[in-house]
Amino acid sequence: MGVTRGCQELLSLLCGIWLWVSVAEPSPPTPTGQSREGAPLQFRLAGYPRKHNEGRIEVFYNQEWGTICDDDFTLANAHVLCRHLGFVAATGWTHSAKYGKGSGRIWLDNLNCGGSEKSVVDCRSRGWGNSDCSHEEDAGVICKDERIAGFVDSNVIETEQNQVEELRLRPVVSHAKRPLPVTEGIVEVRYKNSWAQICDENWSSWNSHVVCGMLGFPAEKKVNQNFYRLSAHRHPLNYRLHSVSCLGHEAHLSLCSFEFYRGNATGVCKGGMPAVVGCVPGPLFATGSAQKKKRRPQQVQKRLRLKGGARPGEGRVEVLRNNEWGTVCDDRWNLVSAGVVCRELGFGSAKEALTGARMGQGMGPIHMNEVQCAGSEKSLWSCPHKNITKEGCKHSEDAGVRCNIPSMGYENTIRIVGGRTAFEGRVEVKHAGRWGTVCSTGWSTTEAMVACRQLGLGYAMHAVTETWYWDASNVTEMVLSGVKCTGQEMTLSHCRHHDTVTCQKTGTRFAAGVICSETASDLLLHAPLVQETAYIEDRPLHMLYCAAEENCLSSSARQANWPYGHRRLLRFSSQIHNNGRADFRPKAGRHSWVWHECHGHYHSMDIFTHYDLLTPNGTKVAEGHKASFCLEDTECQEGGRCSREGLVERGLCSESPAVFPWAHSRQAHQAVLTSTPCHERDATVPPLP
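Residues numbered from 1 in each chain as written. Predicted model: local features only at pLDDT ≥ 70, side-chain atom pairs only at ≥ 80, totals over all residues. Heavy atoms only, no water.

Q: If you had to explain the overall build of the chain to someone new, which residues and values would you point to?
A: When its secondary structure is counted, the chain shows nine helices and 40 strands. The buried share among the 689 residues of the chain stands at 46%. When the accessible surface of the chain is totalled, it reaches about 35,200 Å², and 51% of it is carbon and sulfur. (Helix = DSSP H or I, 4+ residues; strand = E, 2+ residues; numbered from the N terminus. Buried < 20%, exposed > 50% of the residue type's maximum accessible area, 1.4 Å probe, protein only. Areas by Shrake-Rupley, 256 points an atom, 1.4 Å probe, with all protein chains shown as cover.)

Q: For the state of the cysteines, give the residues involved together with the corresponding values.
A: For the coordinates displayed, the defined rule picks out 12 disulfides. Cys82 shares a disulfide with Cys143; S-S distance 2.1 Å. Taking the sign of the S-S torsion, about -90 degrees here, the bridge from Cys82 to Cys143 comes out left-handed. On the criterion of sequence distance, the pair formed by Cys82 in helix α2 (residues 75-84) and Cys143 in strand β8 (residues 140-143) is long-range, its members being 61 residues apart. Residue classification places Cys82 among the buried residues on the basis of a relative accessible area of 0%. For Cys143, a relative accessible area of 1% puts it in the buried group. Sulfur-sulfur distance for the disulfide between Cys246 and Cys256 comes to 2.1 Å. An S-S torsion of about 105 degrees defines the bridge between Cys246 and Cys256 as right-handed. (Disulfide = S-S within 2.5 Å.)

Q: So what's going on with the environment of Val530? Which residues, and what values?
A: Relative to the elements of secondary structure, Val530 occurs in helix α8 (residues 527-533). For the pair Val530 and Phe572, spaced 42 residues apart in sequence, the C-alpha to C-alpha distance is 5.8 Å. Look past the residues within four positions of Val530 in its chain and what remains in contact with it is Leu525, Phe572, Ser573 and Ser574. (Contact = heavy atoms within 4.5 Å.)

Q: Go over the pattern of salt bridges, please, and point to the residues and values.
A: For the structure on display, the rule yields 27 salt bridges. Residues Arg190 and Glu166 are paired through a salt bridge, measuring 3.4 Å at the closest nitrogen-oxygen approach. Taken together, the residues Arg190 in strand β11 (residues 184-191) and Glu166 in the loop between β9 (157-158) and β10 (167-170) connect sequence positions 24 residues apart. Accessibility expressed as a relative area gives 37% for Arg190, which makes it partly exposed. Ionic pairing is found between Glu352 and Arg402, a salt bridge with its closest N-O pair at 3.3 Å. Linking Glu352 in strand β20 (residues 350-354) with Arg402 in strand β23 (residues 400-403), this pair joins segments that are 50 residues apart in sequence. Of the two residues, Glu352 and Arg402, neither departs from the other in class, the shared state being buried. One network of salt bridges, with partners in common, ties together Lys144, Asp145, Arg147, Arg311, Glu314, Glu352, Arg358, Arg402 and Glu518. (Salt bridge = Lys/Arg side-chain N within 4 Å of Asp/Glu carboxyl O.)

Q: I'd like a description of the pairing of strand β19 (residues 324-328), backed by residues and values.
A: Bridging between strand β18 (residues 314-321) and β19 involves four bridges; their strand directions are antiparallel. Counted as the bridge partner of Glu318 is Thr327 from β19. Where β18 folds back on β19, the antiparallel hairpin that results is connected by two residues, among which Asn322 adopts a positive phi of roughly 50 degrees. Two elements, β19 and strand β21 (residues 366-369), share two bridges in a ladder whose sense is parallel. Following the sheet pairing, Thr327 is matched in β21 by Ile366. (Pairing = 2+ DSSP bridges.)

Q: Can you lay out the packing of aromatic side chains for me, pointing to particular residues and giving the numbers?
A: A complete count under the given rule lists 10 aromatic pairs for this structure. An angle of 70 degrees between the planes, with centres 6.3 Å apart, marks the rings of Trp107 and Trp128 as edge-to-face. With a gap of 21 residues between them, Trp107 in strand β6 (residues 105-108) and Trp128 in the loop between β7 (124-125) and β8 connect regions that are remote in the sequence. For the pair Trp107 and Trp128, one class covers both residues: buried. Where Phe227 meets Tyr228, the ring centres are 5.5 Å apart and the plane angle is 90 degrees; that geometry is what we call edge-to-face. Phe227 sits in the partly exposed class, given a relative accessible area of 38%. (Phe/Tyr/Trp six-rings, centres within 6.5 Å; stacked < 30°, edge-to-face > 60°.)

Q: Break down unusual backbone geometry for me, citing the residues and quoting the values.
A: The residue after Trp562, namely Pro563, is reached through a cis peptide bond having omega 0 degrees. Here Pro563 shows up in the loop between α9 (545-549) and β32 (566-571). For Asn202, which is not glycine, the phi torsion reads 60 degrees and is therefore positive. Unlike most non-glycine residues, Asn322 shows phi in positive territory, near 50 degrees. Residue position: Asn322 is located in the loop between β18 and β19. A residue is classified by how much of its surface remains accessible, and Asn322, at 72% relative accessible area, is exposed.

Q: Summarise the nonpolar core; cite the residues concerned and give the values.
A: Formed by 27 residues in total, the largest nonpolar core has its most connected members in Val317, Val328, Trp333, Val371, Leu380 and Val401. At the level of elements, β18, α6 (335-344), β20 and β23 are the ones that each hand at least two residues to this core. The element contributing the most residues to this core is α6, with five residues. Core analysis: the second largest hydrophobic core is formed by 25 residues, Leu41, Phe43, Val80 and Cys123 among them. (Core = buried A, V, L, I, M, F, W, Y, C linked by side-chain atoms within 4.5 Å.)

Q: How would you explain helix α4 (residues 225-232) if you had to name every residue and give the values?
A: Within the sequence span of α4, burial applies to Tyr228, Ser231 and Ala232. All buried residues of α4 lie within an arc of 100 degrees about the axis, which places them on one face of the element. Among the exposed residues of α4, those pointing more than 90 degrees away from its buried face are Asn226 and Leu230. Here the buried face of α4 lies against β11 and β16 (276-280). Between a side-chain oxygen at the N-terminus of α4 and the backbone nitrogen of Asn226 the separation is 3.2 Å; the capping residue is Asn224. (Arc of directions from axis to C-beta. Polar contact = N/O pair within 3.5 Å; in protein donor to acceptor, adjacent residues only side chain to side chain.)

Q: Could you give an account of the side chain of Glu318, with specific residues and numbers?
A: For Glu318, the position within the fold is in strand β18. When its relative accessible area of 6% is taken as the criterion, Glu318 is described as buried. In terms of polar contacts, Glu318 uses its side chain to reach the side chain of Arg305, at 2.8 Å. Polar side-chain contacts of Glu318 include one of 3.0 Å to the side chain of Arg316.

Q: Give me the lowdown on the environment of Val501, citing residues and values where you can.
A: Relative to the assigned elements, Val501 resides in the loop between β28 (478-480) and β29 (513-517). With relative accessibility at 35%, the residue Val501 sits in the partly exposed group. Spatially, the C-alpha atoms of Val501 and Gly482 are 7.9 Å apart, while their sequence positions differ by 19 residues. Other than its neighbours up to four places away in sequence, Val501 contacts Met478, Val479, Leu480 and Ser481.

Here is the structure:
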C-alpha cells in the first residue's frame, strides 16, 4: 500500500515536472497573420514628447487599440511598421516606453520581421495577444520624414493590399538624346517587380490630370493617339488596371476608382489600347524652346511662394496681400488645397499637406484660415477661406506643402565620397562626361546649399574648403572651378563657373566638400526691438574686463590703455527668433569651449550675428557681434540649469550637453534668444576724438 502510494506520488511529481517544462519551453514563433486572417488593421503613433514621425507604435486589432513589446525588436520591424504609417522607411526605434506607457492590450511580442514584408501580418511573432510584457516595454519607432505617395492620413493608415504605389510614363518616340523630364508616353504601374499597362477604356482628361500631377507636372496636354495605337501592337502588353475614373482633384491615382484585372491579363482590353498621357512641365522644368517661352518676364506679380524648404517643391506656404507677405493657417488644410498651391507654382499634385509649422514658423501676418479648395481652382486665392483674427491662429500653425516634382536625373550627376556619414563628404560632379572634383576657391554656403539640394540631402550645414576625407573614389581630376551660385539653382551646372578649370590650390585636399542635414535652424533678428532699445553709454575700461574676456568688445579695444580710459558703447536689446526646423547648436565641439571666470560658464565662441554701425555714406564706424554660449553648472535641475552631464531642452534635462537653452526650436515651439548685459550684445564705438 505504501509502495503504491509512493509510486503514485513519484508519478505525480514527474508529471508535474514534465508539465512545467512543457509550459516553460517557448513555443516556436508563428507568423502573425495566422492568428486572425483578414482582420482590418490600423496603426498610429502616440505618446509624448514626440514629433509627427515618431512615437509609441500602436495597432488596432480585434476592435481594440494596443501596443507592441520591445522584446527582440529590430530596425527591420520598424521599417515595416513605418510603411504601415505611410512613411517610406524607418531611421530608428526605441525601447522601454520612451514615449510613455500605453494602455490596453499588448498585441504583439517577439516580433520578427525581415524588413521587406508588405504587412506586419507577414512577420513572425508569438501570436496576437500572446505576451509576457508590461507596458514599461512598449516599443516606439522613428520614421524617415518622407511620405509614401497616395497615403492621405498622417497618423492612422489602414492596411490595403490593392494599391497603386509607383507609376511612370514610358516614352515610345525614340530619341537617343531626349532630355529629361519625360512628358509623354504610355502610363505604366509597378506590379510584381515589373511594369504593367492601364486599359484606356473610358479614359478621361481628368485621369490624365491626376497622372501628370503624380509625376510632377501641373497640367496635361493632348497626344497623337494614332501613333501610339500603331506602336502598341508591336509589343506584348500586360494590363493591370481598367475602368479608371478620376474627378481631377485626387493627389494620387490610388484615390480614384478603378478595377484590377485578375489572373491572366494578356487577352483583355479588347478594342482598347494602353492609356497614353502627355504632360506640360512647369517653368522650372521646361527644356529647350519651351523653357525660353516659360521664362519670359511676366507682368503679373506673384502672390504665392514657398519658404523654408530644403528641396524644390516644398516649404511653408506664403501669400501676398496688400504688398505684405504672410502665412496660411493649417485649420482644415488638406491635400486638395495643397495641390492647388503646388500646381499654381508649376509643380505637380501635393505629396503631403504639412501642418504645425513643419517647414518653420513664418513672420508677419497670417492672411488666410480654413482654406477649402475644391481642387479645380487655378489660384489659392480663388478657394473659399476665412480672414484671420488675432485669436484665431498662431505661426505655430503655419501650413506647408510637399509637391510632386518631375524626375530630372540631377542626382545622377553628383555624389559625395569619403565622409563619416551619408550626409557629408567631398563633392564630385559628372561634367562633360567625366567625374571629377570641384575647386574650393570661393566655395561658400550658397554653393553648398545647391549641392545638398541636388544630392537630395536637405540643407547645407557647412561648406568645406579643405576636405580631409578619405579618397574613396580614386577621383583626382578637378573638372569644375569658379562656381558661383545664387542659391536658387537646381544643380551646380546651372551656376556660373569657369569655362576652363582654373584653381589656385589643386589636389583632393582642396576640393570642395559639404555637410548636409535634413533639418536646419533659421535665425531671424527682431530689428524693431534693436531700434527701440538702443542707447549710448560711456563705461570705464576697468568695468569691461568681462566683456573683453568674452570678446564682446570691438577689435580696436585691444589697443586701449587698460584699465584707464573708457569706451563709448552703443547698447541695445535684441531678440533672435529661431524659425527653423532644428535646434541652433554651436559648431565648435565641446572640447574646444573656453572657461570664462567672470560669469562662471563655458563659452563656445561661435559668432552667429554681426552688427555694424554705418554712416549715411556706408562707412563702418562701429562693430559688434553675438556669439553662442552654454551655461554649465555642476548639476542638472529642472527649470533651466544646464550641467556638464545634461542639457536644458524645453525646461527638461536630457543627455547631451551640446546645446544652449535659449536656442531651441521644434515645429510648433518657437524659441527667442534674448540678450543679457555684456553677453554678445554690445557694439562698441571708438572713443570720440
